[in-house]
Amino acid sequence: MEKIPFNKPHLTGKETHYIYDAVNAGKISGNGKYTKLCQDYLKERYSFRKCLLTTSCTDALEMAALLIDIKPGDEVIMPSYTFVSTANAFVLRGAKIIFADSREDHPGIDEDSIEALITSKTKAIVPVHYAGVACDMDKIMALADKYDLFVIEDAAQAIESFYTGKDGIKRALGSIGHLAAFSFHETKNIISGEGGMLAINDPQFMAKAEIIWEKGTNRSAFFRGEVDKYGWVAVGSSFLPSEIIAAFLWAQLENLDDIQTKRLQHWNKYHEGLKEWAMENDIRLPGIPDFATNNAHMFYLVCKDLEQRNVVIDNLKSNGILAVFHYLSLHKSPFYLDQHDGRNLVNADRYTDCVVRLPFFYELEKDAINFIKNELYEAVKNI
Ligand SMILES: *Cc1c(COP(=O)(O)O)cnc(C)c1O
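Below is a short write-up of the structure. Each chain carries its own residue numbering, running from 1 in the direction its sequence is written. Local features are withheld for residues below a pLDDT of 70 in this predicted model, meaning they are given only at 70 or higher, and side-chain atom pairs are given and counted only at 80 or more; totals for whole chains, interfaces and linings count all residues. As a convention, hydrogens and water are excluded, and side-chain values are obtained from all of the structure's heavy atoms.

**Describing helix α5 (residues 137-147)**
- Among the residues making up α5, those that are buried are Met 137, Ile 140, Leu 143 and Ala 144. Viewed along the axis of α5, the buried residues span an arc of 130°, placing them on a single side of the element. Exposed residues lying more than 90 degrees from the buried face of α5 are Asp 145 and Lys 146.
- Between two residues, a contact is recorded if the distance between any of their heavy atoms is within 4.5 Å. Think of it this way: any DSSP run of H or I at least four residues long counts as a helix, any run of E at least two long counts as a strand, and we number them from the N terminus. Elements in contact with the buried residues of α5: β4 (122-125), β5 (150-154) and β6 (162-164).
- One or two residues past the end of α5 sits Asp 148, with phi positive at roughly 60°. Remark: exposure states derive from per-residue accessible area (1.4 Å probe, protein chains only) relative to the maximum for the residue type, with buried under 20%, exposed over 50%, and partly exposed in between. By arc we mean the arc of the directions from the helix axis to the C-beta atoms, nothing more.

Below you can see the structure in the form of structure tokens.
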């Protein structure tokens, strides 16, 4: 069997057609036809109050840090077990990151550990919907209300995933916090190479977000005819993608349902094939709490220890299958170790040692999943 990569970007077929259209129309800078098509579609589908495409989720998080006016010394609470950008965006503005542990049963933030971390300096909580599986947003939003904090959802992996709160209403992830950041990086479900989006749910940020997006100018309002000249009105940067990226993204969004159907089939096939083996070998498969949905962003295993994970990764690799691990707890990173307050975060460390992500992409064939499954059976037999 041919080598099985970890990821393979899926093309729907229309990407180059729309890019050609954008180029042909003579409008390839940002905020044109395709940007608006994507933004309107996403806003409508997920009930965001407003959304702006960005060149990455990292950029969307940096916009969020600017919007909530993070100042040196402000504290921001987030899980340690996450991607660097979740923290970096706030550190850029001088924030001190207070890292929370993950849940025992899931790599997402332990919601019950957050309140003890809140101080008079806390400005925001940044939950990460790991693997597209919702954090318990009722608990987090209640804390934000009680202590007057902002909630910024790192929804990088969470497109087309939902949370059902105590009120019984099913809400899209990214539509619950004050702000939310999504990624369209080529390893995510919906892609544009590099790309992202900021969802804005708190109306106080709607006008300001557009200004930050357009280099600190009121250019967008000018083009809508709301002001008669445009100029420098606030601090900002260039966060908007070109129409070429938006055109690519539009082809993906048109096929969102097909992409999701396919990914869910793969996820279920993995789950079905591995659940018995996992149980026998002390390996945990991803769980979906009752309040969350599964958007099939990734399929991961939680091995019983580092040694077992090494066996899994090495054996798959020697059979041409690329499985990977991530993240390295940020509270122990070379950059942040001496700024962390020394608390042990045992679950974050355990996921750092034990998580392995299996190949996961649209074109993954049934045969490939069977092959991976059999190689896993071979690699780990009651060791
Ligand atoms: C992918 C990812 C990011 C970064 O997204 P980019 O679009 O590459 O900037 C941030 N946070 C999480 C949790 C991610 O998975």
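From this point, things continue past the structure.
**Observations concerning the nonpolar core**
- Within the largest apolar cluster, 76 residues are counted, with the highest numbers of intra-cluster contacts made by Phe 90 and Leu 301.
- Take this core: its biggest share by element is 8 residues, from helix α3 (residues 57-67).
- Two domains share this core, each providing at least three of its residues, namely domain 1 (15-254) and domain 2 (256-381).
- Excluding its chain neighbours within four sequence positions, the residues that come into contact with Phe 90 are Leu 61, Ala 65, Ile 68, Ile 70, Val 76, Met 78, Ala 95, Ile 97, Val 126 and Ile 152. Nonpolar core, defined: a set of buried Ala, Val, Leu, Ile, Met, Phe, Trp, Tyr and Cys residues in which side-chain atoms within 4.5 Å join the residues together. Residue ranges assigned to each domain were obtained from an automatic or database domain assignment.

**Some remarks on the sheet that holds strand β1 (residues 50-54)**
- Whether two strands pair comes down to DSSP finding at least two bridges between them. Read across the sheet, 7 strands follow the order β1-β9-β8-β5-β4-β2-β3 without closing on themselves; strand pairing throughout is mixed. Each of the sheet's edge strands pairs with one partner strand only, and the pair in question is β1 and β3 (96-100). Across the sheet, the mean angle from the axis of one strand to that of its neighbour is 25°, orientation sign disregarded.
- With 5 bridges joining them, strand β2 (residues 75-79) and β3 adopt parallel strand pairing. Opposite Val 76, over in β3, you have Ile 97 as the bridge partner.
- Along the sheet, α5 makes contact with β4 and β5, crossing β5 at roughly 150°.
- Seen against the sheet, helix α6 (residues 206-213) touches β1 and β9 (196-200) and runs at an angle of roughly 15° to β1. Think of each axis as a best-fit line through the C-alpha atoms, taken over the contacting stretch in the case of a helix, with angles from 0 to 180 degrees between the N-to-C directions.

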